[in-house]
Amino acid sequence: MVFAAPNEALTRARHVLESGGPPLHASVAHQVIGIWQRDFGDMRLALHHLRRARDCAARADSAEREADVLGTLGVALVHAGRTRQGLAAFERGVLRGSGHTRARVLYRRAYAWWVLGQHRQALEDVRRAVPVLRQAEDVIWTARALTLRATVHLALGAVDRADADFTAAEALWDTTGQEHDKADAVESRGLAAFRAGDIPVALRLLDEAEGRYAALGTPTFMLDIRRCEVLMAAGLAPEALAEADAAIAALDGLGGQSTRKAELLLAAARAARLAGDPHTAIARAALAVRLFAGQRRTWWETHARLVLIEARVAAGRRSGRLVADAAAVAERLASFGAPAAPEASLLAGRIALSLGWRADAERHLAVAARSRHAGPALARITGWAAQALRAQAAGSGRGVLQACRSGLAVLDDHRTTLGASELRARATEQGAELAALAQRASLAAGGPRRLLEWSERWRATALAAPPTRPPADPALQSALTAFREIAARAEAARMEGRPVPALEREQRRLEREIRSRTLHIRGDAPGDGDRFDAGLLLAALGDTRLVELAVVDGRVHVLLCGGGRVRRFEAGQLAQAEAEAEHIQAGLRRLAHPGAEARLPLVEAMGRRLEELLLGPAAAHLGGGPVVVVPPGRLHRVPWALLPSLRDRVLSVSPSATGWLRALRTAPAPGGRHVLVRGPGLATGGAEVPELAGRYGDPTVLEHDEARAARVLEELDGAALAHIAAHGAFRADSPLFSSLRMADGPIVVHDFERLARSPHRIILSCCDTARFASVGADELLGLVTALLPLGTAGVVACSAPVNDEAVVPLMLALHKGLAAGLSLAEALRDARAAVPDDAVHQATGWAFTAFGAA
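It should be emphasised that the depicted structure is a prediction, and the values quoted were computed from it without experimental measurement.

### What to know about the overall build of the chain
A count of helices and strands for the chain gives 37 helices and 16 strands. Judged by the C-alpha coordinates and their principal axes, the chain covers about 100 × 65 × 50 Å. The buried share among the 854 residues of the chain stands at 58%. In the chain, of all internal contacts separated by at least 6 residues, the share reaching a separation of at least 24 is 70%. As displayed, the chain offers around 32,700 Å² of accessible surface, 51% of which is attributable to carbon and sulfur atoms. Distance between charge centres in the chain, computed from 105 positive and 95 negative side chains, equals 6 Å.

### Focus: helix H28 (residues 574-591)
Across its 18 residues, H28 extends 26 Å between first and last C-alpha, which sits within 8% of the 26 Å expected from 1.5 Å per residue. Taken as a whole, H28 has its buried residues at Leu 574, Ala 577, Glu 580, Ala 581, Ile 584, Gln 585, Gly 587, Leu 588 and Leu 591. Axial view of H28: buried residues confined to an arc of 165°, hence all on one face. Looking at the buried residues of H28, the elements they touch are strand S1 (545-552), strand S2 (555-562), strand S3 (565-573), helix H29 (600-614) and helix H37 (839-847).

### Points about the nonpolar core
Grouped together as the largest cluster of nonpolar side chains are 129 residues, with contacts concentrated most on Ile 199, Ile 309, Leu 333 and Cys 404. Here the element with the most residues in this core is helix H6 (residues 99-116); it accounts for 10 residues. Apart from residues no more than four positions distant in its own chain, Cys 404 is found in contact with Ala 388, Leu 434, Leu 437, Ala 438 and Trp 454. With 92 residues, the next largest nonpolar core counts Leu 622, Leu 716, Val 749 and Leu 818 among its residues.

### Side note on the sheet that holds strand S9 (residues 728-729)
Strand order in the open sheet formed by 3 strands is S9-S10-S11, with antiparallel pairing between adjacent strands. Both outer strands of the open sheet, S9 and strand S11 (745-748), are each paired with one neighbouring strand and no more. Direction of pairing for S9 relative to strand S10 (residues 739-742): antiparallel, over a ladder of 2 bridges. Looking at the pairing, Ala 729 lines up with Ser 739 of S10.

### Section: unusual backbone geometry
Positive phi, normally seen in glycine, also occurs at Arg 296, with a value near 60°. Looking at where Arg 296 falls in the secondary structure, it is placed in the loop between helix H15 (278-294) and helix H16 (298-314).

### Re the packing of aromatic side chains
Under the criterion given, the structure shown has 6 aromatic pairs. Pairing Trp 36 with Phe 40 gives two aromatic rings, centres 5.9 Å apart and planes at 75°, and the pair type is edge-to-face. Of this pair, Trp 36 and Phe 40 both sit in helix H2 (residues 23-40), separated by 4 residues, roughly a single helical turn. The burial state of Trp 36 is the same as that of Phe 40; both residues are buried. Where Trp 299 meets Trp 300, the ring centres are 5.0 Å apart and the plane angle is 75°; that geometry is what we call edge-to-face.

### Remarks on the pattern of salt bridges
Note on pairing: side chains with opposite charge can pair once their charged atoms come close. Summed over all chains, the structure comprises 49 salt bridges. With its nearest N and O atoms 2.7 Å apart, the salt bridge here joins Glu 433 to Arg 350. With Glu 433 in helix H23 (residues 432-445) and Arg 350 in helix H18 (residues 341-354), this residue pair connects regions lying 83 residues apart in the sequence. Salt-bridge contacts for Arg 609 lead to Glu 580; the nearest nitrogen and oxygen are separated by 3.1 Å. With Arg 609 in helix H29 and Glu 580 in helix H28, this residue pair connects regions lying 29 residues apart in the sequence. The class for Arg 609 is partly exposed, based on a relative accessible area of 41%. Three or more residues joined by partner-sharing salt bridges are found here, namely Glu 91, Arg 109, Asp 125 and Arg 128.

### Topic: the packing of helix H14 (residues 258-274) against H15
At a minimum axis distance of 8 Å, the contact between H14 and H15 shows a crossing angle of 155°. Looking at the two axes, H14 sits roughly antiparallel to H15. The two elements H14 and H15 cross, and the hand of that crossing is left-handed. Here Ser 258, Lys 261, Ala 262, Glu 263, Leu 265, Leu 266, Ala 268, Ala 269, Ala 272 and Arg 273 of H14 lie close against H15, whose contacting residues are Pro 278, Thr 280, Ala 281, Arg 284, Ala 285, Leu 287, Ala 288, Leu 291 and Phe 292. For the contact of H14 with H15, the per-class residue count stands at 13 nonpolar, 2 polar and 4 charged.

### A few points about the pairing of strand S8 (residues 721-725)
Each regular strand shows side chains that alternate between the opposite faces of the sheet. With respect to burial, S8 is a largely interior element, 5 of its 5 residues being buried. By the alternation rule, side chains of S8 split into Leu 721, His 723 and Ala 725 and Ala 722 and Ile 724, which are all buried. Pairing between strand S6 (residues 674-678) and S8: 5 bridges, direction parallel. Opposite Val 677, over in S8, you have Ile 724 as the bridge partner. Where S8 meets strand S12 (residues 761-764), 4 bridges bridge the pair, whose relative direction is parallel. The residue bridging Leu 721 from the neighbouring strand is Arg 761, located in S12.

### Quick word on the environment of Ala 722
Considering the arrangement of structural elements, one finds Ala 722 in strand S8. Owing to a relative accessible area of 0%, Ala 722 belongs among the buried residues under this scheme. For the pair formed by Ala 722 and Pro 699, sequence separation is 23 residues and the distance between their alpha carbons is 9.7 Å. If near-sequence neighbours (up to four positions away) are discounted, Ala 722 is found in contact with Val 675, Leu 716, Pro 759, Arg 761, Ile 762 and Ile 763.

Definitions and cut-offs
Residues numbered from 1 in each chain as written. Predicted model: local features only at pLDDT ≥ 70, side-chain atom pairs only at ≥ 80, totals over all residues. Heavy atoms only, no water. Helix = DSSP H or I, 4+ residues; strand = E, 2+ residues; numbered from the N terminus. Buried < 20%, exposed > 50% of the residue type's maximum accessible area, 1.4 Å probe, protein only. Contact = heavy atoms within 4.5 Å. Areas by Shrake-Rupley, 256 points an atom, 1.4 Å probe, with all protein chains shown as cover. Lys, Arg positive; Asp, Glu negative; His and termini not counted. Charge placed at Lys NZ, Arg CZ, Asp CG, Glu CD. Expected span 1.5 Å × (residues − 1). Arc of directions from axis to C-beta. Core = buried A, V, L, I, M, F, W, Y, C linked by side-chain atoms within 4.5 Å. Pairing = 2+ DSSP bridges. Phe/Tyr/Trp six-rings, centres within 6.5 Å; stacked < 30°, edge-to-face > 60°. Salt bridge = Lys/Arg side-chain N within 4 Å of Asp/Glu carboxyl O. Axes fitted to C-alpha atoms, helices over the stretch in contact; angles between N-to-C directions. Parallel < 35°, antiparallel > 145°, perpendicular 65-115°, else oblique. Left-handed = near helix turned anticlockwise from the far one by under 90°. Nonpolar A, V, L, I, M, F, W, Y, C, P; charged D, E, K, R; others polar.

So this is what it looks like as structure tokens:
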């Protein structure tokens with residue numbers, strides 16, 4: 001019962017002891033309490049009760065009972081880090097037991113071998129146990145043994161064998177009432193899905209298992225470890241670090257298993273390294289190494305040493321000792337048959353290259369490169385990265401590009417399995433090194449067109465296809481509605497000065513639920529057949545000039561496209577440009593308020609310096625026609641209209657040249673409507689909306705109580721033009737919860753992603769709607785980037801706080817241009833020139849940007 005209804009089993013076991021039964025019954029009761037404490041509570045208490053259970057069995061003169069308890073005690077001792085004592089207990093248990101009981105002890109020892117990372121021994125013991133358990137028709141223990149064998153197969157990379165055992169075990173579990181074991185089976189299937197490369201299914205199954213454990217009221221430390229692993233693979237390393245640290249604190253509070261703490265520390269170290277925090281990674285990994293070594297868990301210790309070396313390299317350390325350490329780790333991992341062995345060889349080769357040790361680097365990289373043809377996607381990407389580094393060291397630019405092309409193709413296939421735009425964007429981080437190597441090789445070859453092609457190859461790839469929508473997910477829709485209601489109540493409470501902690505907790509819970517359900521969605525987009533073609537771009541440009549900014553080794557390279565050719569100009573350092581852009585943002589915030597006119601010349605001077613850093617000599621070669629700017633993700637906050645050479649031009653911005661071409665070809669839906677929306681709380685009350693309503697024939701106007709989220713979304717779907725005057729809020733911590741405030745609460749990015757087709761043109765006349773989070777290799781998450789893949793060809797949005805009153809004349813002038821048949825970029829250029837010539841109105845005009853090509 002302890003794995004079917006753990007808390008009930010604990011209560012009944014205590015009752016047995018209180019009733020003063022015979023030693024045999026007391027042995028069983030103490031063993032149940034020991035198992036409960038071992039897995040869900042205090043390890044010190046677990047060992048106390050299991051030793052009492054052993055002593056009671058000896059007094060009852062039952063060799064079989066004693067053997068069974070010794071098997072349980074052995075697991076507890078191993079989990080407590082007392083490996084030598086635990087193995088000795090197993091040895092005595094195997095000798096004391098016979099037949100069916102011995103098979104159960106062998107199963108438990110196999111589990112302990114798995115915990116210790118001794119996979120061959122684990123397979124041997126479980127191989128001996130399964131036939132006996134089957135012959136005894138012991139369904140529960142046979143299912144446990146098959147689940148364990150599958151888990152060991154996964155650790156060795158044998159996914160197909162694991163899947164067969166998981167399937168067989170699941171069929172057996174369906175015939176039992178073992179709810180905890182059933183939850184464990186769901187968790188194991190999630191692990192198998194992850195090892196097979198299916199991250200959405202893995203997340204869904206792990207969340208299902210968590211719900212099952214919660215219903216039983218049991219802790220989930222093993223699940224926490226596995227979930228961290230999946231989150232890291234999904235590019236969500238900061239979340240994985242937070243989960244691992246929270247689980248470590250909970251485990252310490254219980255006095256729980258030392259083995260689990262070491263594994264959680266390893267997960268935290270990996271997550272910290274991936275999150276760009278090498279010093280935290282070093283601290284966590286070093287402690288994990290010490291714990292694993294004390295527990296005599298060589299397999300785990302070796303993996304922890306790999307993370308420790310990776311973290312030290314990330315902290316800037318390079319030495320021959322690190323090369324030797326990484327090589328030794330790679331050799332040990334290979335002897336274990338561990339899938340991480342190529343990663344260690346790649347690390348050794350990369351350090352050797354940085355030291356100029358060509359021969360050593362070639363030896364290690366050649367070993368790592370073997371993984372490029374088989375295995376999971378991320379292992380193959382590791383192999384292609386090693387092959388690209390080999391080619392670079394050999395001076396073969398063609399070899400570098402071929403390896404990078406192959407590695408990124410593997411990642412493309414992997415990303416198509418991801419339905420959520422957030423996961424697709426974050427997954428690109430896996431290809432960042434390959435993309436950088438290819439750009440470097442292209443630059444060395446001297447051809448600007450090739451550099452353009454490789455810049456496009458890995459730019460805004462998450463926007464190449466719309467996110468996959470769940471087929472009518474009522475639970476997700478219900479969660480979004482509840483989130484909107486809670487957010488509105490919290491906002492009202494804040495305005496009235498009432499406390500909101502309870503509402504904020506519920507809002508965060510709903511956010512987690514919405515995000516979780518979104519991440520479960522599997523991708524259904526085919527492979528990218530819309531590959532970038534520089535010739536098609538040049539033919540489509542006409543008298544327009546497209547300026548793509550490629551960053552190679554921190555330097556901005558301007559690729560000026562137009563007039564049938566691509567030219568390259570070298571500009572400044574990206575880091576300096578980022579710093580200057582932040583200063584400009586601060587200046588624009590000040591200029592949004594009257595009385596800051598004296599800062600206008602300072603902001604204009606910063607605009608001139610920023611132009612030198614971003615455009616350099618290319619500014620003199622832009623011609624007289626329209627300009628499209630394609631910046632890297634880290635420059636998404638630049639107010640491009642402030643740059644002197646762009647200030648009076650027809651100017652638009654696009655996340656990629658491919659995206660601009662797609663927007664250029666996008667036609668509005670037939671019979672599209674004009675939709676005007678006015679949200680609550682604006683200083684001007686959205687004063688432009690009533691006047692615009694009179695300019696258009698029969699627009700749909702949603703204001704006051706009619707501007708409710710569901711109605712607004714219904715009208716926006718497929719509209720030709722939408723103008724939304726509403727407060728915007730950007731969420732840096734969770735960009736897909738960036739929002740526009742409606743009468744009944746916020747519309748968030750998740751809502752827009754559920755539209756069948758977003759408006760052909762959309763104007764967002766509010767602050768911060770053009771702010772993004774830069775994630776992955778060169779991806780952006782935010783409101784505008786959610787709209788572009790969904791059928792929107794053009795967006796006007798704002799990247800800074802603006803003066804509400806100054807927005808009104810700008811928007812009226814903008815719509816005047818649209819009514820005359822101009823594009824968004826043309827109308828915005830004319831609108832900037834039409835508003836009053838004072839600092840507040842100028843700053844407001846610079847803060848708005850036209851995105852896309854409509």
